[in-house]
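# Overview (structure and organization)
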Amino acid sequence: MKNTPIRRYKKRLEMALDNRIVIPSTRSVMFIAVIFLLFYIFLSVVLRPKNTEADYHFIHEQGAITALSAIFMAMATGMAYAAYFIAKQRGNSDRYLWILFALAFGYLTLDELLEIHEFFGGLMNLVSGMIGMEDTGIFRNWNDVVVIAYGVVALAFFLYYLPAILRYSVLGERLAVAGVFFVIHTVIDSVSEPQTVNSVILEESAKLYCALFLALSGFSALLGVIFQGNPNR
């Protein structure tokens, strides 16, 4: 049978699944993190300045939700870079995957703190106004279009490197969960018009869980690289 690119890709996926690098179970870490985040979100609703709505920490960029999201993304960046550093010392070909992860997570950290996608959205809004294309269709504004573009790029990246990702146990699964929360966040953000207190809380909570699972993905990648070189794993 003809050895097409699709067949080669499928073969790489099968080989990755047959030769997965097993890491120690981190389910307890994930469980504790998920519960902690629920408690954190609850406190963010309850503990807010007087005479403010329940979504205060969710709607303001200087609020508690954005702060923790940036921390998770910074953690993911650091762990991905550590995985790259170790893989580079060992001559592991997957080191290129980890440096790409570190760069992507690092960019998202900066975006969270510096509102980069809002800047690009505002720039696109300005340009579209100059050429008479203000209409963004079903989306509320150009910011949403930029965020969706992030998702498209991330999906393409994920599919291209999926054979390498699947070599490391639970890494692909956690990235997929992060992607689900990203979709939930984006859908709520893009189609909820007008925004309500509840929609903002749900949207930002989904974004926070997305950041958490990216941090857990970075942790899984680091453990995978460490145990890949451990003959006693």
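That block above? That's the structure.
Residues numbered from 1 in each chain as written. Predicted model: local features only at pLDDT ≥ 70, side-chain atom pairs only at ≥ 80, totals over all residues. Heavy atoms only, no water.

Turning to the overall build of the protein chain, a few remarks are in order. When you go through the protein chain residue by residue, the secondary structure sums to ten helices and zero strands. N-terminal to C-terminal, the α/β element order of the protein chain is α-α-α-α-α-α-α-α-α-α. Along the longest, intermediate and shortest principal axes, the C-alpha atoms of the protein chain span 60 × 45 × 30 Å. Residue burial in the protein chain is summarised as follows: out of 233 residues, 40% are buried. Across the protein chain, contacts joining residues at least 24 apart in sequence account for 74% of those joining residues at least 6 apart. In the structure as shown, the protein chain presents an accessible area of about 13300 Å², 70% of it carried by carbon and sulfur atoms. Computing the positive centroid from 18 side-chain charges and the negative centroid from 18, the protein chain places the two 20 Å apart. (Helix = DSSP H or I, 4+ residues; strand = E, 2+ residues; numbered from the N terminus. Buried < 20%, exposed > 50% of the residue type's maximum accessible area, 1.4 Å probe, protein only. Contact = heavy atoms within 4.5 Å. Areas by Shrake-Rupley, 256 points an atom, 1.4 Å probe, with all protein chains shown as cover. Lys, Arg positive; Asp, Glu negative; His and termini not counted. Charge placed at Lys NZ, Arg CZ, Asp CG, Glu CD.)

Now for the layout of surface pockets. Roughly 1400 Å³ of volume is contained in the largest pocket. Around the largest pocket, the lining is made up of 49 residues, and of these Leu-108, Val-147, Tyr-150, Gly-151 and Phe-182 lie nearest the centre. Elements represented by at least two residues in the lining of the largest pocket include exactly helix H3 (56-59), helix H4 (64-90), helix H5 (95-114), helix H6 (116-130), helix H7 (142-160), helix H9 (171-191) and helix H10 (197-228). Sorting elements by how many residues they give to the lining of the largest pocket places H7 first, with twelve residues. Here the lining of the largest pocket is built from residues that sort into 28 nonpolar, ten polar and eleven charged. A volume near 170 Å³ is recorded for the second largest pocket. Looking at the second largest pocket, the residues that line it are Ile-23, Pro-24, Ser-25, Thr-26, Arg-27, Met-30, Ser-169, Val-170, Glu-173 and Arg-174. At the level of elements, helix H2 (27-46) and H9 are the ones that each hand at least two residues to the lining of the second largest pocket. Taken together, the residues of the lining of the second largest pocket sort by class into four nonpolar, three polar and three charged. (1 Å grid on protein atoms, 1.4 Å probe; cavity = no way out; pocket = protein on both sides within 12 Å on 5 of 7 lines; lining within 4 Å. Points joined across faces, edges and corners; volume = space filled by probe spheres on them. Nonpolar A, V, L, I, M, F, W, Y, C, P; charged D, E, K, R; others polar.)

What follows concerns the packing of H5 against H10. Between H5 and H10, the least distance of the axes is 12 Å, while the angle of their chain directions is 155°. When the axis of H5 is compared with that of H10, the two are roughly antiparallel. In the packing of H5 onto H10, the handedness of the crossing is left-handed. Residue-level inspection shows Trp-98, Phe-105, Leu-108 and Glu-112 of H5 in contact with H10, the latter providing Lys-207, Leu-214, Ala-221 and Val-225. Class assignment of the residues belonging to the contact of H5 with H10 gives a composition of six nonpolar, no polar and two charged. (Axes fitted to C-alpha atoms, helices over the stretch in contact; angles between N-to-C directions. Parallel < 35°, antiparallel > 145°, perpendicular 65-115°, else oblique. Left-handed = near helix turned anticlockwise from the far one by under 90°.)

On to the packing of aromatic side chains. Applying the stated criterion across every chain yields a total of eleven aromatic pairs. Look at Phe-101 and Phe-105: their rings are 5.5 Å apart centre to centre, the planes differ by 85°, and that puts the pair in the edge-to-face class. Placement of both Phe-101 and Phe-105 in helix H5 is noted, with a separation of four residues, approximately one turn of the helix. Residues Phe-101 and Phe-105 agree in their burial class; the two are buried. Summarising the aromatic geometry, the rings of Tyr-107 and Tyr-150 are spaced 5.8 Å apart at their centres and angled 80° between planes, so their arrangement reads as edge-to-face. With Tyr-107 in helix H5 and Tyr-150 in helix H7, this residue pair connects regions lying 43 residues apart in the sequence. Accessibility expressed as a relative area gives 21% for Tyr-150, which makes it partly exposed. Three or more aromatic residues joined by ring pairs make a cluster, and in this case those are Trp-98, Phe-101, Phe-105, Phe-157, Tyr-160, Tyr-161 and Tyr-168. (Phe/Tyr/Trp six-rings, centres within 6.5 Å; stacked < 30°, edge-to-face > 60°.)

Our next topic: the nonpolar core. Burial of nonpolar side chains together is a common tendency in soluble globular proteins. Of all hydrophobic cores here, the largest spans 46 residues; its most connected members are Phe-72, Trp-98, Phe-101 and Leu-212. Of all the elements, H10 adds the most residues to this core, at 14 residues. Residues in contact with Leu-212, not counting those within four places in the same chain, are Ala-33, Val-34, Leu-37 and Phe-72. (Core = buried A, V, L, I, M, F, W, Y, C linked by side-chain atoms within 4.5 Å.)

The topology assignment puts Ser-69 in helix H4. Ignoring sequence-local partners within four residues, the contact set of Ser-69 consists of Glu-112, Lys-207, Leu-208 and Ala-211.

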